[in-house]
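# Working through the structure, step by step
The lines below spell out each chain.
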Amino acid sequence: MVGLIYCRSGGGKTVCSTLVKGKKNLLLCSDNSEVVLNNFDRPNLTVHKITHCVKDNASDETAFMRLAENAAEQGYDNMIIDNLSDLFDMWILELEEKGGSKDKRQDYQLVYNQLKRLVRKATMFKCNVIFTAWQETRQLVTPDGTPYVNTMPKLPEKILDNVCGLCNVVGYVTHSADKQGNMRWWYVTKPTKEFYAKDQLFNREAVYPEMIFERGVK
């Protein structure tokens, strides 16, 4: 099963995604956010920092893909890839550093295809996969003229539906305080005009992070 969670930078993606139940979990992190886990107990988690996507030359774009595929064969219950928005930027920057194509549109198309390929392959991995992404907001207007804010994963528009369409769960990370003042986090999984979300697994409107792949509700 594959999920994607998203929110603003610093909004809790890394902390929440690593709460997923599993005896052996892996975090592949590209954006340096793994340091926040020093403040939390994650005894079942192995952390691997992603340092590059491209290897040796601009035509070898599969370095990260091999890393993910190899990790999926190591007996993990869950793999968290943190995060797709940053991976896209890293991939483009690496191609530029190595010369890239004369027509930069070819570099972008290459990375578009690689990210789509990554998510498609994740649906066939032997472990569950959770992708994270930053959020993007748009000011829109309903047909009757009412303005509203639409929040979605920060991914290129050309591949947004491809990526999210392959995920079983897409959730927006949010939280609130209970009567004792303790914070409780959850994912909004009900699609609305305000939030890009879905839950193909159990048709939930919201779910706690640890239960993203299990039957249950917030």
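Shown above is the structure to which this text applies.
Just so it is clear, the model here is predicted, and its values are computed rather than measured.

### Looking at the packing of aromatic side chains
- Applying the stated criterion across every chain, the model contains six aromatic pairs.
- Here Phe64 and Trp91 contribute two aromatic rings whose centre-to-centre distance is 6.3 Å and whose plane-to-plane angle is 85°, an arrangement assigned as edge-to-face. Separated by 27 residues along the polypeptide, Phe64 in helix H2 (residues 63-72) and Trp91 in helix H3 (residues 84-97) bring together distant segments of the chain.
- For Trp91, a relative accessible area of 0% translates into the label buried.
- Measuring from centroid to centroid gives 5.9 Å for Phe88 and Tyr112, while their planes differ by 10°, and the two rings are stacked. Pair noted here: Phe88 is in helix H3 and Tyr112 is in helix H4 (residues 104-122), with a separation of 24 residues, a long-range link. Comparing Phe88 with Tyr112 shows no difference in burial state: the two are buried.
- Put simply, the rings of Tyr6, Tyr172 and Phe195 pair up and form one aromatic cluster.
- For the cation-ring pair, Arg184 lies above Tyr208, with the distance from its terminal atom to the ring centre recorded as 3.6 Å.
- The lysine or arginine in question, Lys193, covers the ring of Tyr148, its NZ or CZ lying 5.6 Å from the ring centre.

### With respect to the environment of Arg204
- Counting through the fold element by element, Arg204 comes out in the loop between strand S9 (198-199) and strand S10 (206-207).
- By relative accessible area, Arg204 is classed as buried at 4%.
- For the pair formed by Arg204 and Arg215, sequence separation is eleven residues and the distance between their alpha carbons is 8.8 Å.
- In this structure the side chain of Arg204 is engaged in a polar contact, spanning 2.9 Å, whose partner is the backbone oxygen of Ile212.
- A distance of 2.6 Å separates a polar atom in the side chain of Arg204 from the backbone oxygen of Glu214.

### Focus on the layout of surface pockets
- When its volume is computed, the largest pocket comes out at roughly 180 Å³.
- Top contributing element to the lining of the largest pocket by residue count: helix H1 (residues 13-17), with three residues.
- Its residues placed into classes, the lining of the largest pocket shows four nonpolar, six polar and two charged.

### Considering the pairing of strand S5 (residues 128-141)
- When strand S1 (residues 2-7) meets S5, the two strands line up parallel, connected through six bridges. Of the residues in S5, the one forming a bridge with Cys7 is Trp134.
- With seven bridges joining them, S5 and strand S6 (residues 147-153) adopt antiparallel strand pairing. Bridged to Arg138 within S6 is Asn150.
- What sits between the antiparallel neighbours S5 and S6 is a turn of five residues, in which Gly145 has the positive phi angle 95°.

### Description of the nonpolar core
- With 64 residues, the main nonpolar core has Leu4, Phe64, Met79, Ile81, Leu84 and Phe131 as its most contacted residues.
- With seven residues, H3 is the single largest residue contributor to this core.
- Excluding its chain neighbours within four sequence positions, the residues that come into contact with Phe64 are Leu28, Ile50, His52, Cys53, Ile81, Leu87, Trp91 and Leu118.

Analysis parameters
- Residues numbered from 1 in each chain as written.
- Predicted model: local features only at pLDDT ≥ 70, side-chain atom pairs only at ≥ 80, totals over all residues.
- Heavy atoms only, no water.
- Phe/Tyr/Trp six-rings, centres within 6.5 Å; stacked < 30°, edge-to-face > 60°.
- Helix = DSSP H or I, 4+ residues; strand = E, 2+ residues; numbered from the N terminus.
- Buried < 20%, exposed > 50% of the residue type's maximum accessible area, 1.4 Å probe, protein only.
- Lys NZ or Arg CZ within 6 Å of the ring centre and 35° of its normal.
- Polar contact = N/O pair within 3.5 Å; in protein donor to acceptor, adjacent residues only side chain to side chain.
- 1 Å grid on protein atoms, 1.4 Å probe; cavity = no way out; pocket = protein on both sides within 12 Å on 5 of 7 lines; lining within 4 Å.
- Points joined across faces, edges and corners; volume = space filled by probe spheres on them.
- Nonpolar A, V, L, I, M, F, W, Y, C, P; charged D, E, K, R; others polar.
- Pairing = 2+ DSSP bridges.
- Core = buried A, V, L, I, M, F, W, Y, C linked by side-chain atoms within 4.5 Å.
- Contact = heavy atoms within 4.5 Å.

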